[in-house]
Amino acid sequence: MSVLIRGGRIITASEDYFADIFIDGEEIALIADSLDVVADQVIDATGKYVIPGAIDPHTHIELPFGGTTTCDDFTSATVAAAFGGTTSLVDFCFQMPGQSFRSALDTWYEKVDRCKPVIDVGFHMAITDLYDGGTLADLAKVPDEGVTSYKVFMAYKGAVMVDDETLFKTCRVAAETGAQVMVHAENGDVIDVLVKEAIAAGKTEPKWHAATRPAITEGEATGRAIQIAHLAEAPLYVVHVSCKESIEPIARARQQGWAVMGETCPQYLFIDETMLDQPFAEAAKYIYTPPPRAKENQEPLWDALGSDVLSIVSTDHCPFRIKDQKTLGKDDFSKIPNGGPGIENRMHLLHHFGVNAGRFSMSRLVEMTSTNVAKQFGLYPKKGTVAVGSDADLVLWDPLKEVTISATTHHSNIDYNLYEGTDVTGAPTTVLVRGKVVIDGDSLVAKPGHGQFLKRARFGQELTR
Ligand code: URP
Ligand code: ZN
Ligand code: ZN
């Protein structure tokens, strides 16, 4: 099957030009002005940007967490992702306490086999137990399967939190195996004290979720993780940075040339802590971790994206229904499952409030949602760019298309949208994954199962066919 995309404006992280693209099978075969070739399918891209498909490096699909399981499977989540212009994602495979890494991987492969994706998917390994579950020797073997990043949680005490010993040992194994270390940075011990005190004092409403996880606990843990990873000579990636307190240590480390990178997510750019000060059915939608912060953190987050102190915007898509899952904590904020949805609207929001608002260029948007992700997580140049030899993961983006973000039109199984009623200009119109049109206008035109498992390269290495 061949496809010719005619007349589009190709925008990558480093280039912006008009050309035709010829796709042969799954790959981009030719890029040139006015290509004179015969193709099975011709797509007119006049007036559209042609960008590399976005990659989401932070999702939680069918994850047992907080006493329930996230409500998207690999079909619903990847359909929603595709409608939003995301053509690959990397999900967190969880080694649950007491479980081996082999068993954790098999559990996640089964999820993908059962609920087939429409876009390509890879895994990170979330490490929760190096005492009674996984061994260091087994951890070292995980990258052999193309799972080339290890994630640890410094919070969620009593559930998936690890101690500094585990973090340090993980970093050492990563330094040996060429894996990327990822960290959820919050001081879980301190937060545990604050949560217990709040509950004992009868402070059970959702707003106490934020009050018991102050920004300083994130800043402290970010600084600690940076020092520990540096000592172990491992590359560190700090997920979901939400506040000035953690931007600062990341900025310092990067200034010194340390291998540290940070991501943020739309919920920290657009939602602030006042959203928690509402009746339960509304406030519970905003229970995710780190929590929504004071509004004064939002401009520093945008600035950090502009200055490359933060380099990637992921979603941390972790959907729990409001009607019957968030309600687990209706009498106790600490029992509300932590997580929010967002996989479908990342690009809409960043294009409208980032590019249209003049905060950064379209190239920078591509860099933060595709190219940097591909480079950091062993997918480049197969993914993350528009180039001959790369996978034809392409999004035709109409910069003038008007969309109202809503739960009634999105494709996740979640029953609310954090950005309900937000009007944006700019949206995908056609989405291709490895040369096949997956989304055409408002229609899903590929079958679940088109998505493949991504065996990623090790940190710093390129992924070719
Ligand atoms: O609230 C969140 N973010 N839930 C998902 C797990 C995590 O911390 O990323
Ligand atoms: Zn987290
Ligand atoms: Zn997460």
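Definitions and limits used
- Residues numbered from 1 in each chain as written.
- Chains lettered and ligands numbered in written order.
- Predicted model: local features only at pLDDT ≥ 70, side-chain atom pairs only at ≥ 80, totals over all residues.
- Heavy atoms only, no water.
- Donors = N, O, S within 2.8 Å, 3.2 Å for Na, K, Ca; no water.
- Tetrahedral: all angles 85-135°; square planar, octahedral: opposite > 155°, others 65-115°.
- Helix = DSSP H or I, 4+ residues; strand = E, 2+ residues; numbered from the N terminus.
- Buried < 20%, exposed > 50% of the residue type's maximum accessible area, 1.4 Å probe, protein only.
- Near = heavy atom within 4 Å.
- Polar contact = N/O pair within 3.5 Å; in protein donor to acceptor, adjacent residues only side chain to side chain.
- 1 Å grid on protein atoms, 1.4 Å probe; cavity = no way out; pocket = protein on both sides within 12 Å on 5 of 7 lines; lining within 4 Å.
- Sits in = over half its atoms within 2 Å of the grid points.
- Nonpolar A, V, L, I, M, F, W, Y, C, P; charged D, E, K, R; others polar.
- Points joined across faces, edges and corners; volume = space filled by probe spheres on them.
- Disulfide = S-S within 2.5 Å.
- Phe/Tyr/Trp six-rings, centres within 6.5 Å; stacked < 30°, edge-to-face > 60°.
- Pairing = 2+ DSSP bridges.
- Contact = heavy atoms within 4.5 Å.
- Axes fitted to C-alpha atoms, helices over the stretch in contact; angles between N-to-C directions.
- Core = buried A, V, L, I, M, F, W, Y, C linked by side-chain atoms within 4.5 Å.
- Right-handed = clockwise from strand over helix to strand, strands pointing away.

A look at the coordination of the zinc ion (ligand 3)
The coordination sphere of the zinc ion (ligand 3) contains the protein donors His-58 (NE2), His-60 (NE2) and Asp-316 (OD), at a distance range of 1.9 to 2.2 Å. Taken together, the 4 donor atoms coordinating the zinc ion (ligand 3) and their angles of 87 to 133 degrees define a geometry best described as tetrahedral. In primary-sequence terms, the residues that donate to the zinc ion (ligand 3) follow H-x1-H-x255-D. A spacing of 3.9 Å is found between the zinc ion (ligand 3) and the zinc ion (ligand 2). Of this pair, His-60 sits in the loop between β6 (54-59) and β7 (64-65) while Asp-316 sits in the loop between β15 (312-313) and α12 (346-356), and the two are 256 residues apart along the sequence. As far as the burial class goes, His-60 and Asp-316 line up, both buried.

Side note on the site of ligand 1
In the neighbourhood of ligand 1, the contacting residues comprise His-58, His-60, Phe-153, Tyr-156, His-184, His-240, Tyr-288, Thr-289, Asp-316, Cys-318, Asn-338 and Gly-339. Within the side chain of His-58, a nitrogen or oxygen atom sits 3.4 Å from an oxygen atom of ligand 1. Side-chain polar atom of His-184 to an oxygen atom of ligand 1: 3.0 Å apart, as the coordinates give it. Among the detected pockets, ligand 1 sits in the largest cavity. The residue inventory of the shell around ligand 1, partitioned by class, reads 4 nonpolar, 7 polar and 1 charged.

Some points on the layout of surface pockets
The volume enclosed by the largest pocket comes to roughly 440 Å³. Together, 20 residues line the largest pocket, and Tyr-156, Lys-157, Arg-213, Ser-334 and Asn-338 are the ones closest to its centre. Sort the elements by how many residues they give to the lining of the largest pocket and helix α5 (residues 188-200) lands first, with 4 residues. For the second largest pocket, the calculated volume is near 310 Å³.

Considerations on the coordination of the zinc ion (ligand 2)
Around the zinc ion (ligand 2), the protein contributes the donor atoms His-184 (ND1) and His-240 (NE2), at 2.0 Å from the metal centre. In this structure, the zinc ion (ligand 2) is surrounded by 4 donor atoms whose angles at the metal cover 57 to 151 degrees, and the resulting shape is irregular.

Considerations on unusual backbone geometry
For the bond from Thr-289 to Pro-290, the omega torsion is -5 degrees, close enough to zero to count as cis. Its place among the elements puts Pro-290 in the loop between α10 (280-283) and α11 (298-306). Even without a glycine there, the phi angle at Glu-62 is positive, about 45 degrees. Relative to the assigned elements, Glu-62 resides in the loop between β6 and β7. One non-glycine residue with positive phi stands out, namely Glu-233, at about 60 degrees.

Digging into the state of the cysteines
As enumerated under the stated definition, the model contains 0 disulfides in all. A disulfide-free cysteine, Cys-115 has its sulfur positioned 13 Å from the sulfur of Cys-71, the nearest such atom. Cys-318 forms no disulfide, and the closest cysteine sulfur to it belongs to Cys-71, at a distance of 9.4 Å. For Cys-318, a relative accessible area of 3% corresponds to the buried category.

With respect to the packing of aromatic side chains
For any pair of aromatic rings, the description consists of the separation of the ring centres together with the inter-plane angle of the planes. Scanning the model with the defined rule gives 14 aromatic pairs in all. The interplanar angle of 80 degrees and the centroid separation of 5.4 Å between the aromatic rings of Tyr-109 and Phe-453 together place this pair among those described as edge-to-face. With Tyr-109 in helix α2 (residues 101-114) and Phe-453 in the segment after β19 (443-444), this residue pair connects regions lying 344 residues apart in the sequence. Taking the relative accessible area as the measure of exposure, Phe-453 reaches 30% and is therefore partly exposed. On the numbers, 5.7 Å between centres and 85 degrees between planes, the contact of Tyr-268 with Tyr-288 is edge-to-face. Of the two residues, Tyr-268 is situated in helix α9 (residues 266-270) and Tyr-288 in the loop between α10 and α11; the sequence distance between them amounts to 20 residues. Judged by its relative accessible area of 2%, Tyr-268 falls in the buried class. Since its relative accessible area comes to 2%, Tyr-288 is described here as buried. By the ring-pair criterion, three or more aromatic residues cluster together here, those being Phe-65, Phe-94, Trp-108, Phe-153 and Tyr-156.

Examining the sheet that holds β15
Spatially, β6-β9-β10-β11-β12-β13-β14-β15 is the arrangement adopted by the 8 strands of the open sheet, whose pairing is parallel. Strands at the two margins of the open sheet, each flanked by one partner only, are β6 and β15. Sheet strands touched by helix α7 (residues 215-232): β12 (180-184), β13 (236-238) and β14 (260-264). Its angle to β13, the strand with the most contacts, is close to 170 degrees.

A word on the nonpolar core
Ile-51, Phe-74, Met-125, Tyr-150 and Leu-236 are the most contacted members of the largest nonpolar core, which totals 130 residues. Take this core: its biggest share by element is 7 residues, from helix α1 (residues 74-83). With residues near it in sequence (within four places) discarded, Phe-74 still touches Ile-61, Leu-89, Asp-91, Trp-108, Lys-111, Val-112, Cys-115, Lys-116, Pro-117, Val-121 and Phe-123. Counting 16 residues, the second-largest nonpolar core is a separate cluster that includes Ile-23, Ile-28, Val-386 and Leu-396.

Some details on the pairing of strand β11 (residues 149-153)
A large share of β11 lies buried, amounting to 5 of its 5 residues. Of the two faces of β11, the one carrying Ser-149, Lys-151 and Phe-153 and the one carrying Tyr-150 and Val-152 are both buried. With 3 bridges connecting them, strand β10 (residues 120-127) and β11 associate as parallel partners. Paired with Met-125 across the strands is Tyr-150, a residue of β11. Read as a crossover between parallel neighbours, the route from β10 over helix α3 (residues 136-141) to β11 is right-handed. With 5 bridges joining them, β11 and β12 adopt parallel strand pairing. For Phe-153, the partnering residue across the bridge sits in β12 and is His-184.

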